[in-house]
Amino acid sequence: MTGPDTPASFKLAYVPGVTPSKWVRIWDERSPDVPLELVQTTAAEAVALVREREVDAVLLRLPIDREGLHAIPLYTETTVVVVPKDHLVAALDEVSVDDIADEVVLHPLDDTLDWEAPPGKPALERPATTADAIELVAAGVGLLIVPQSLARLHHRRDLTYRPISGTPESGVALSWPDDETTDLMEQFIGIVRGRTVNSTRGRQQAQEKQAPVKKTPVKSNRPQAGGRKPQPGNRRAPQGGKRGKPRRRG
């Protein structure tokens, strides 16, 4: 789907915890002539990055300010609580907010969950990042509630995590400017939505693959040689020709 007006590449940003590798692999298979460039960004900078057209699209976490942006929800993550391995909570299969009501729960400034404050007791200060909060959990300062992918991203041998109920869930979405749905953007939308190769080639290829118009054969005005042919089974003796002799009876 390359052409004189087709960009040289497609630039995709993504926030921590989101893994676009599967979609990138499919893109490379379907559009080998158009490189897909990945740009890792923070949750705080993701919206500004796509608004300022520094990238074509971004994989980010909801909710966001959708003014001027499209946003296709892709999936919702499980929320977990990160604790030291020797913590009492680690013995549970699933945790509720009541189980940690007396615990210090850290609230990093880059928190991705849609709430004013997490349950439990607040810490004296808010960590700057989720990575900083993980370090504080390892030091025994408090617990941390995050989407499961972030717990996996910041995995440590001395920490573990458990699903927690009664908390918001994090939704991941694909976002891009609402006035720039290009053919390449359509291509990537089709990939993340699981469309087949025949339905994800964008508007340009769809037009190129339209059924050709059938041409009406032109009738020739040239007269047929030899005049009109006699119809089969309707032969007549030629005018003025000789007739055969009649056969004599018995």
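Residues numbered from 1 in each chain as written. Predicted model: local features only at pLDDT ≥ 70, side-chain atom pairs only at ≥ 80, totals over all residues. Heavy atoms only, no water.

Peer 1: How would you summarise the packing of aromatic side chains if you had to cite specific residues and measurements?
Peer 2: Aromatic ring pairs are described here by two measures, namely the spacing of the ring centres and the angle between the planes. One pass over the structure, following the stated rule, counts three aromatic pairs. A ring pair is formed by Phe 10 and Trp 27, whose centres lie 5.2 Å apart and whose planes are at 25°; its orientation type is stacked. On the criterion of sequence distance, the pair formed by Phe 10 in strand β1 (residues 10-14) and Trp 27 in helix α1 (residues 21-30) is long-range, its members being 17 residues apart. Judged by relative accessible area, which is 2%, Phe 10 ranks as buried. Exposure remark for Trp 27: the relative accessible area of 0% places this residue in the buried category. Seen in terms of ring centroids, Trp 27 and Phe 188 are 6.3 Å apart; in terms of plane orientation they differ by 55°. Their pairing is tilted. Taken as a pair, Trp 27 in helix α1 and Phe 188 in helix α5 (residues 183-192) lie far apart in primary sequence, 161 residues in all. Judged by relative accessible area, Phe 188 falls into the buried class, the value being 0%. An aromatic cluster of at least three residues, connected via ring pairs, comprises Phe 10, Trp 27 and Phe 188. (Phe/Tyr/Trp six-rings, centres within 6.5 Å; stacked < 30°, edge-to-face > 60°. Helix = DSSP H or I, 4+ residues; strand = E, 2+ residues; numbered from the N terminus. Buried < 20%, exposed > 50% of the residue type's maximum accessible area, 1.4 Å probe, protein only.)

Peer 1: I'd like a description of the nonpolar core, backed by residues and values.
Peer 2: In terms of nonpolar packing, the biggest core is built from 36 residues, with Phe 10, Leu 12, Trp 27, Leu 60, Leu 174 and Phe 188 touching the most fellow members. Sorting the residues of this core by element identifies β1, α1, α2 (46-51), β3 (57-62), β4 (69-77), β11 (170-177) and α5 as the ones contributing at least two each. Here this core gets six residues from one element, more than from any other, and that element is α5. In contact with Leu 12, not counting residues within four places along its chain, are Pro 20, Leu 36, Glu 37, Leu 38, Val 39, Ala 57, Val 58, Leu 59, Leu 174 and Phe 188. Grouped together as the second largest cluster of nonpolar side chains are twelve residues, Val 83, Val 89, Val 95 and Ile 145 included. (Core = buried A, V, L, I, M, F, W, Y, C linked by side-chain atoms within 4.5 Å. Contact = heavy atoms within 4.5 Å.)

Peer 1: Pulling in residues and values, what's your account of the pattern of salt bridges?
Peer 2: Oppositely charged side chains may form a pair once their charged atoms are brought near each other. Using the criterion set out here, one finds six salt bridges in the structure. Two residues, Asp 179 and Arg 53, come together in a salt bridge whose shortest N-O distance is 2.8 Å. Of this pair, Asp 179 sits in the loop between β11 and α5 while Arg 53 sits in the loop between α2 and β3, placing them 126 residues apart in sequence. Its relative accessible area of 54% is what places Asp 179 among the exposed residues. The partner of Glu 135 in a salt bridge is Arg 156, and the shortest N-O contact between them spans 3.1 Å. With a gap of 21 residues between them, Glu 135 in helix α3 (residues 130-138) and Arg 156 in the loop between α4 (148-153) and β10 (159-165) connect regions that are remote in the sequence. Ionic contacts of the salt-bridge type, sharing partners, join the residues Glu 135, Arg 156 and Asp 158 into one network. (Salt bridge = Lys/Arg side-chain N within 4 Å of Asp/Glu carboxyl O.)

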